[in-house]
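If you want the building blocks of each chain, they are given just below.
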Amino acid sequence: MMTRQSVGARMATLKVMAVALLLTLPSAVVHGAIYEFDLNLADSTTYIYSEGPMFVRGSTPMGDEDSKISLDLTVKTQSATTSTDDDAININIVFFDSDSSKSVGYGVDQDDGSIVTRSDLCCTEDLVLAGLCTNVGEVWFPADSTATPQTFNFKLGDKPEGSFQTEKIVTHRGEQFVAVVACSVAQQINIAGTITFKNPYGYLSGESFGFLPMYGSIMGAYLIILLLFIYSSVRNCDRLLHIQHCIIGILVLSFVTSAVWFGMYLDLDTSGKAVCCPLHLGASIAVFLDACRGSFSRCLLLAVCLGYGVVTPKLKRRQTAEILLLGILYVAFAFYHDIRIDNNG
């Protein structure tokens, strides 16, 4: 005959298994939208920045401002260049999207996965003689280009230092790119500044914005489940098993973890900070709590499989030590694995 305690033990076992499966969901991290760069160049070079897909005004989940890409840079040289336009150092800013990327020759190398562009982006005297472009040192595009990117040119002539600011209103949804192209570089130069990608709602990219309401919903759901479980435990406090206290601990840890993830994404959206590198403090805490949550739930499930809370009120000391050791190892390896992935982007 099945007793009330054994029924309660079996129900607790089923709850532990359900909670353990629920709490092993993976988490994702996003990059920031304000890029700070400090480049030292000795020859003509191209650098490309992107925050991924962006929304536009009138077609966004929230917010009514324009999507903008802003750039503020300072260029320094070792010495002043000549005053003629042909000898001046040219810094070109190219705004392009997925439709106009072919004009830039943007693509991914099939061998090593690196970003590639056309090798002849800068107009030279030979290209002028060939009739392909007109202004030496400026970026040019083939005449048969179906979509021409928006470009800005900044010349550094007889002064060793100069600054340049520009802004582009995004009018088409999709991936947006900014290319910093240095042409006619004959000496060591330094380019420093910031590139800012901002959507109508904030700094999160269109690809990552969904994590903000997702973690807000998960946080609310865990809070409701936790309150209901505590209420049920209080009503039946005289029949509680030790394993049910552990479930409350897992639910508390899950609520705190989702709250930290939500707070981190909210901070990224309002401040534009980058997750890496160094790694955002909120991301570090959230990844560690995720590892602890996964370890706790798995250790509890393993303990239940060994009879804890079902056929015995406590496990043998050796079994407990082995489970704790496995849990600590899981936290260490899971934390290292997730941090390594987040840092690699």
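Here the structure is a predicted model, which means the values were calculated and not measured. (Residues numbered from 1 in each chain as written. Predicted model: local features only at pLDDT ≥ 70, side-chain atom pairs only at ≥ 80, totals over all residues. Heavy atoms only, no water.)

Enquirer: I'm lost on the packing of aromatic side chains in this one. Help?
Expert: In the structure shown here, the tally under the stated rule is 13 aromatic pairs. Ring centres of Tyr 35 and Tyr 49 lie 6.0 Å apart, and the angle between their planes is 50°; this geometry places the pair in the tilted category. Highlighted residues: Tyr 35 in strand E1 (residues 34–41) and Tyr 49 in strand E2 (residues 45–54), separated in sequence by 14 residues. Seen in terms of ring centroids, Tyr 215 and Trp 261 are 5.7 Å apart; in terms of plane orientation they differ by 20°. Their pairing is stacked. With Tyr 215 in helix H4 (residues 211–235) and Trp 261 in helix H5 (residues 242–271), this residue pair connects regions lying 46 residues apart in the sequence. Judged by relative accessible area, which is 2%, Trp 261 ranks as buried. Each member of the aromatic cluster is reached from another via a ring pair, and the members are Tyr 35, Phe 37, Tyr 49 and Phe 197. (Phe/Tyr/Trp six-rings, centres within 6.5 Å; stacked < 30°, edge-to-face > 60°. Helix = DSSP H or I, 4+ residues; strand = E, 2+ residues; numbered from the N terminus. Buried < 20%, exposed > 50% of the residue type's maximum accessible area, 1.4 Å probe, protein only.)

Enquirer: Any chance you could explain helix H6 (residues 281–305) here in plain terms?
Expert: Over its 25 residues, H6 extends 36 Å from the first C-alpha to the last, a length consistent with the 36 Å expected when each residue adds 1.5 Å. Taken from the residues just after H6, Gly 307 is the one with a positive phi, measuring 110°. (Expected span 1.5 Å × (residues − 1).)

Enquirer: Just to check I follow, could you spell out the environment of Gly 202 for this structure?
Expert: Within the secondary structure layout, Gly 202 lies in the loop between strand E10 (189–198) and H4. A relative accessible area of 3% means that Gly 202 is categorised as buried. Residues Gly 202 and Ser 271 lie 69 residues apart in sequence; the distance between their C-alpha atoms is 8.3 Å.

Enquirer: Please explain the sheet that holds strand E9 (residues 174–183) as it appears in this structure.
Expert: Remark on secondary structure: sheet strands pair via backbone hydrogen bonds, oriented parallel or antiparallel. Strand order in the open sheet made by the four strands is E2-E9-E4-E7, with antiparallel pairing throughout. Where the open sheet ends on each side, the last strands, each with one partner, are E2 and strand E7 (150–156). Mean inter-strand twist for the sheet, computed between neighbouring axes without regard to direction, equals 15°. Note that E2 and E9 share nine bridges and pair antiparallel. Looking at the pairing, Thr 45 lines up with Ala 182 of E9. (Pairing = 2+ DSSP bridges. Axes fitted to C-alpha atoms, helices over the stretch in contact; angles between N-to-C directions.)

Enquirer: Would you take a moment to explain H4 for this structure?
Expert: For an α-helix, 3.6 residues make a turn, and residues three or four places apart therefore share a direction. The first and last C-alpha atoms of H4 sit 36 Å apart over 25 residues, in line with the 36 Å expected at 1.5 Å per residue. Burial in H4 covers these residues: Leu 212, Tyr 215, Tyr 222, Leu 226, Phe 229 and Ser 233.

Enquirer: Quick question: what am I supposed to make of the nonpolar core here?
Expert: Most often, soluble globular proteins keep nonpolar side chains buried together rather than apart. Residues Leu 73, Ile 91, Ile 93, Ile 191 and Ile 195 are the most contacted members of the largest nonpolar core, which totals 28 residues. Those residues in contact with Ile 93 that sit more than four places away from it in its chain are Leu 71, Leu 73, Gln 150, Thr 151, Phe 152, Phe 164, Val 178, Ala 179 and Val 180. Counting residues in each nonpolar core, the second largest holds 17 residues, with Tyr 201, Phe 209, Met 264 and Leu 268 among its members. (Core = buried A, V, L, I, M, F, W, Y, C linked by side-chain atoms within 4.5 Å. Contact = heavy atoms within 4.5 Å.)

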